[in-house]
Amino acid sequence: MADSNFYLGRLVDAKTAKPTNTPVEYDPADLTTHAVVTGMTGSGKTGLCVALLEEAALQNVPAIIIDPKGDLTNLLLHFPNLLPQDFQPWIDPEMERRTGKSMEQIADEASTAWGNGLKEWGIGEERLLALQNAAQFAIYTPGSDSGIPVSVLSSLAAPDLDWESNREVLRERISSTVTALLGLVGMNDLDPIRSREHILLSNIFEFHWSEGNDLDLTELILQTQTPPFANLGAFSVDTFFPPKDRMELAMVLNNILAAPAFETWREGESLDIKAMLFTPEGKPRHSIFYLAHLSDGERMFFVTLLLSAVETWMRTQTGSTSLRALLYMDEIYGYLPPTAVPPSKGPLLRMLKQARAFGLGLLLATQNPVDMDYKALSNTGTWFIGKLQTERDKNRLLDGLESASGGIPRAAMDKLISSLGKRVFVMHNVHEKMPVLMQTRWTMNFLAGPMTRAQIPALNQLVNAVAAPHTAPVPAFASRAVPKPQPSVDALQPVTIPSASQPATFREVQNLAAQSSTPQPVTNRQSSTVNRQSDGSMTKPTIPAGIREYFLPQNYSLPEAFQSVQRSMPSQAMIQGVIYRPSLLASAQVRLLDRKYGVDSEIVKSALVDSLDRRGIVRWDEFPYAGPSLDKVETMPGASARFGTIDAPLNDTKLMTALQKDFTDWIFRNSEVTARANLKLKIFGGPDITQAEFMKECANAASDARDAEVEKKTAAIEKKIKSIEDKLFREERELQQDQADLQNRNIETGLSGAEAVAGMLGFGRKKSLSTSVSKFRMAQNAKEDVRESEESIAQYKKDLAVLERQREEVAAEINDRWGSLVNEISEVAIKPKKTDIYVNIFGVAWKPYYLVQSGAETIELPAFGAE
């Protein structure tokens, strides 16, 4: 056999139905495509699964084992020495009565039978010892301290995954967790889309997890009654889910915490999957979750939380093609049904589809093949099929296999399944060519049968399994990253406080309960740094009805808090808590409108008053607000915060009403914007236009008007210029013609004269003297035409110069006149009407301060301030 393969048993001859000597080996990497084991009670299903888990341990593969009936506790019964006294404590005492033998005899027979079985299957002491030392085994008992208890409250903590890149996965985990939680209190079959209970709780989870903040069940119950957000969808929280109905839901959930039996659910180890798969030294662990003592609702609740935790761990791992870890469920009946959608189905479906990429194998067992989602199991690579109870079970399994693992010949599979005996299974592995018939090997652990809860302590003691050192739970809203405390938001919106006649909120009850564990308050306030002996309380003072209140954000980190009071930060300084002190916050939106001047502006004026005269007198301009913007909601204080006392006028409705009126009057008297106007150019500009922009707009308007007037006033001159230019063009053309004519006449005159002289002297033909005189006269006429044209051209140019000068003078006068208008700008103050002042924030603002331990003293530093 290959050392790296699982040894599961021997091949069975299908014709003779007898085992052969050929071992059946199984590649553990094939388990990354998951496996299903099905068979009736007594088929040997448990023995096969135990053998698979034994082989996984020998290959250093860790496992999370979900054991609803108690059969898998047998994985702790390692007896490599095969001594009868090792077997005796785990034998059913009823065997003594039924057989008439002593317990010693029965133990001796069991030891002998086990030794013979192991010998027959070639399993020696060396392999038994290897199994004992291969992994660390432990039994966990959620909801009980019989084994190692498990704190389910840790499952409500924010997973160690980035919200932005894992938003869809985390929302699916939230949905499963909320469905399981509501199922625990009897609210089953709720539609996550239509159930307002589901929607409210899911939004509370998302509010905290998206910020990386933890949540616990106590805080979830409190925030059910007072959610940390104002709206759900398009409606306010109170419209979507009225306060009275939210109180009823909170009371139902509170029954979980109030029940004494639930105390054990709050204690024990957290669902840290990495720690449950490996010891701190890296040794693999097989962690068994014993659930036989739980009700159906409690089982579904815990299994869903556990599956979600495994899925989250899986997504933090790198990719792997080998088997990294194993998740085993001993009975999936009810957890993966074909039509219903229990909360466990979501994480199971996702892991069946995606776990392969991370090296996580799922091994699922059931004795009820009818109630399985075969479509979901279509990704399963290996099926182990044992003897089935009824023909209906067989036919349903064959139907499912045809749809889930197409390619299996139904007739051949039917024949194989029908011939199965005890401990004989059909193994169909998609990684192999054909299904095989196999008999399972003898288990190395003693199969004593299901264990009771009373036997769990002894089982854990047998393998030295002890609970990890208890770690104090992370407080609600605790952030994983420390530089800036959480929650930190940009700003605030009002929260209307219920009247004093209303019942105390869950938060007030919680604060009272937590008061005894709060750090000692500090002493005597000086400016922003305080050394105060205690005037704070965990219970927030009651605010009269009608007075709104706000919680200023903690926007200072600890170094910034020290810097704000000009103190150096000691290296050992630590934030011990937060205390809120009351101040007065006022903010108004002011609209300034003047259509004549084109003004339609909005300004915001805000004030934060730390020191108030008890008579309600405030000089508003001395307290300008300089913090973050006030356009977002902050409705909740920080976790485990203390509160200072509140005095007049902040707790006096009449004085606060008068102060709001005084604030409005102050806004009216001190709010204005400056508008600019150029009346002649008819240009107007509000405060949103700079002086340079306004001047440019005026210059553009003047330029356009100037160009229009210049065009109009110079039109007649332009017409005259055009006429003269046309005449000049024609005269210059005539001059060219006259000059050419003159040149020709001069040539003709010269030739004619020469001919006449030659004739008189007897040379050549005689030429008439009158002809020569005529040509001379024509030449003189041509010369006169040239002179007249030159004179006309000179006159035209002179006239043209005069007209152009006139045009320039007109344009210059117009340009100067419009240019001077650009600077004729006036400024006008625009004030608001009282009806245009909207006071959107006015009330008590709780200002946070850090309680900082620095050496032997505790000091108070501002956690909020200007950015």
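The rules behind each value
Residues numbered from 1 in each chain as written. Predicted model: local features only at pLDDT ≥ 70, side-chain atom pairs only at ≥ 80, totals over all residues. Heavy atoms only, no water. Helix = DSSP H or I, 4+ residues; strand = E, 2+ residues; numbered from the N terminus. Buried < 20%, exposed > 50% of the residue type's maximum accessible area, 1.4 Å probe, protein only. Contact = heavy atoms within 4.5 Å. Areas by Shrake-Rupley, 256 points an atom, 1.4 Å probe, with all protein chains shown as cover. Axes fitted to C-alpha atoms, helices over the stretch in contact; angles between N-to-C directions. Parallel < 35°, antiparallel > 145°, perpendicular 65-115°, else oblique. Left-handed = near helix turned anticlockwise from the far one by under 90°. Nonpolar A, V, L, I, M, F, W, Y, C, P; charged D, E, K, R; others polar. Pairing = 2+ DSSP bridges. Salt bridge = Lys/Arg side-chain N within 4 Å of Asp/Glu carboxyl O. Phe/Tyr/Trp six-rings, centres within 6.5 Å; stacked < 30°, edge-to-face > 60°. Lys NZ or Arg CZ within 6 Å of the ring centre and 35° of its normal. Core = buried A, V, L, I, M, F, W, Y, C linked by side-chain atoms within 4.5 Å. pLDDT = per-residue confidence, 0-100. Arc of directions from axis to C-beta.

**Overview of the overall build of the protein chain**
And step 1. A count of helices and strands for the protein chain gives 22 helices and 25 strands.
And step 2. When the 867 residues of the protein chain are sorted by exposure, 48% land in the buried category.
And step 3. Sequence-distant contacts, at least 24 apart, represent 76% of the contacts inside the protein chain between residues at least 6 apart.
And step 4. Roughly 42000 Å² of accessible area belongs to the protein chain as shown, and the carbon and sulfur atoms make up 51% of that amount.

**Concerning the packing of helix H6 (residues 167-184) against helix H7 (residues 196-209)**
And step 1. For the pair H6 and H7, the least separation of the axes is 9 Å and the interaxial angle reads 135°. Between H6 and H7, the crossing angle belongs to the class labelled oblique. Seen along the crossing, H6 lies across H7 with a hand that is right-handed. On H7, the residues touching Leu170, Arg171, Arg173, Ile174, Ser175, Thr177, Val178, Thr179 and Leu182 of H6 are Glu197, His198, Leu201, Ser202, Phe205, Glu206 and Trp209.
And step 2. Counted by class, the contact of H6 with H7 contains seven nonpolar, five polar and four charged residues.

**A few points about the sheet that holds strand E9 (residues 325-329)**
And step 1. As summarised here, the arrangement of the eleven strands in space is E2-E1-E13-E12-E11-E3-E10-E9-E4-E8-E5, forming an open sheet in which the pairing is mixed. The strands lining the two open edges of the sheet, one partner per strand, are strand E2 (18-26) and strand E5 (136-140). Strand-to-strand, the axes of this sheet are offset by a mean angle of 25°, without reference to chain direction.
And step 2. Pairing geometry for strand E3 (residues 35-38) and strand E10 (residues 360-366), over four bridges, is parallel. Residue pairing for E10: Thr38 is matched across the bridge by Thr366.
And step 3. Against the sheet, helix H15 (residues 410-418) engages strand E11 (382-385), strand E12 (424-429) and strand E13 (436-440), with an angle of about 150° to E12.

**Remarks on the sheet that holds strand E21 (residues 673-678)**
And step 1. Across the sheet, which stays open at both edges, the three strands sit in the order E22-E21-E23 with antiparallel pairing between neighbours. Two strands lie at the open edges of the sheet, namely strand E22 (683-685) and strand E23 (826-830), each paired on one side alone. Strand after strand, the sheet turns through a mean of 25° between neighbouring axes, direction not considered.
And step 2. As defined by bridge partners, E21 adjoins E22 across three bridges and the pair is classed as antiparallel. If you follow Arg676 over to E22, its bridge partner there is Gly685.

**Quick word on the pattern of salt bridges**
And step 1. All told, the structure shown has 31 salt bridges when counted by the stated rule.
And step 2. Residue Arg441 pairs with Glu54 through a salt bridge whose shortest N-O separation is 2.9 Å. One end of the pair, Arg441, is in the loop between E13 and helix H16 (456-462); the other, Glu54, is in helix H1 (residues 45-58), and 387 residues separate them in sequence. Each member of the pair, Arg441 together with Glu54, is buried.
And step 3. As a salt-bridge pair, Glu311 and Arg315 come within 3.2 Å of each other at their nearest N and O atoms. Here the residue Glu311 and the residue Arg315 both occupy positions in helix H12 (residues 296-315), the gap between them amounting to four residues, near one helical turn.

**Notes on the environment of Met251**
And step 1. Relative to the assigned elements, Met251 resides in helix H10 (residues 243-258).
And step 2. Looking at Met251, the relative accessible area reads 43%, which means it is partly exposed.
And step 3. Put simply, Met251 and Leu222 are 29 residues apart on the chain and 9.7 Å apart in space, counted from C-alpha to C-alpha.

**A look at the pairing of E11**
The side chains of a regular strand alternate, residue by residue, between the two faces of the sheet.
And step 1. A two-sided burial pattern is seen for E11, the buried positions comprising Thr382 and Phe384 on one face and Trp383 and Ile385 on the other.
And step 2. Bridge count between E3 and E11: four bridges; the pairing is parallel. For Val37, the partnering residue across the bridge sits in E11 and is Phe384.

**Overview of the side chain of Ser789**
And step 1. Residue placement: Ser789 occurs in helix H22 (residues 769-821).
And step 2. Look at Ser789 and you get buried, because its relative accessible area is 3%.

**Details of the packing of H12 against helix H13 (residues 345-354)**
And step 1. Running from N to C, H12 and H13 cross one another at 30°; their axes reach a closest spacing of 9 Å. The orientation of H12 with respect to H13, classified from their angle, is roughly parallel. Here the hand of the crossing between H12 and H13 comes out left-handed. Together, Leu307, Ser308, Val310, Glu311, Met314 and Arg315 of H12 and Pro347, Leu348, Arg350, Met351 and Gln354 of H13 make up the contact between the two elements.
And step 2. For the contact of H12 with H13, the per-class residue count stands at six nonpolar, two polar and three charged.

**Here's the deal with the packing of aromatic side chains**
One pair of aromatic rings is described through two measures. These are the centre distance and the angle between the planes.
And step 1. Enumeration according to the criterion identifies 21 aromatic pairs in this entry.
And step 2. Ring geometry for Phe205 against Trp209: centres 5.3 Å apart, planes inclined by 80°, an arrangement best described as edge-to-face. Placement of both Phe205 and Trp209 in helix H7 is noted, with a separation of four residues, approximately one turn of the helix.
And step 3. An aromatic cluster is defined as three or more aromatic residues linked by ring pairs; in this entry it consists of Phe79, Phe87, Trp114, Trp442 and Phe446.
And step 4. Its end group placed over the ring of Trp666, Lys605 keeps NZ or CZ at 5.0 Å from the ring centre.

**What about the side chain of Ser176?**
And step 1. Tracing the sequence through the fold places Ser176 in helix H6.
And step 2. We classify Ser176 as buried; its relative accessible area is 6%.
And step 3. Excluding residues within four positions of it along the chain, Ser176 makes contact with Thr304, Ser308, Pro343, Pro347 and Arg350.

**Here's the deal with the nonpolar core**
And step 1. With 90 residues, the main nonpolar core has Leu217 and Phe289 as its most contacted residues.
And step 2. Among the elements that make up this core, the one with the highest residue count is H12 (eleven residues).
And step 3. Here Phe289 is in contact with Ile64, Ile65, Ile66, Asp67, Tyr140, Val150, Leu271, Met276, Phe302 and Leu306, once residues within four sequence places are set aside.
And step 4. By size, the runner-up hydrophobic cluster in this structure holds 57 residues, among which are Leu31, Tyr290, Ile456 and Leu459.

**Quick look at the environment of His198**
And step 1. Looking at the secondary structure, you find His198 in helix H7.
And step 2. When the C-alpha atoms of His198 and Ile174 are compared, they prove to be 9.9 Å apart, with 24 residues separating the residues in sequence.
And step 3. Among residues more than four places away in sequence, those in contact with His198 are Ser175, Val178, Thr179, Leu182 and Pro192.

**Comments concerning the environment of Glu402**
And step 1. Counting through the fold element by element, Glu402 comes out in helix H14 (residues 391-404).
And step 2. Classification of Glu402 by relative accessible area gives partly exposed; the value is 42%.
And step 3. Put simply, Glu402 and Tyr374 are 28 residues apart on the chain and 9.4 Å apart in space, counted from C-alpha to C-alpha.

**Some remarks on the confidence of the model for the protein chain**
And step 1. Residues of the protein chain with pLDDT of at least 70 account for 87%, and the chain-wide mean is 82.
And step 2. The low-confidence segment residues 470-534 (pLDDT under 50) makes 164 contacts with residues lying over four places distant or belonging to another chain.

**What about helix H5 (residues 125-134)?**
And step 1. Turning to H5, its buried residues are Leu128, Leu131 and Ala134. Buried residues of H5, seen end-on, are gathered within an arc of 125° and therefore sit on one face of the element. Of the exposed residues in H5, the ones pointing more than 90 degrees away from its buried face are Glu126 and Asn133.
And step 2. Tucked inside the fold, the buried residues of H5 contact H1, helix H4 (103-120) and E5.

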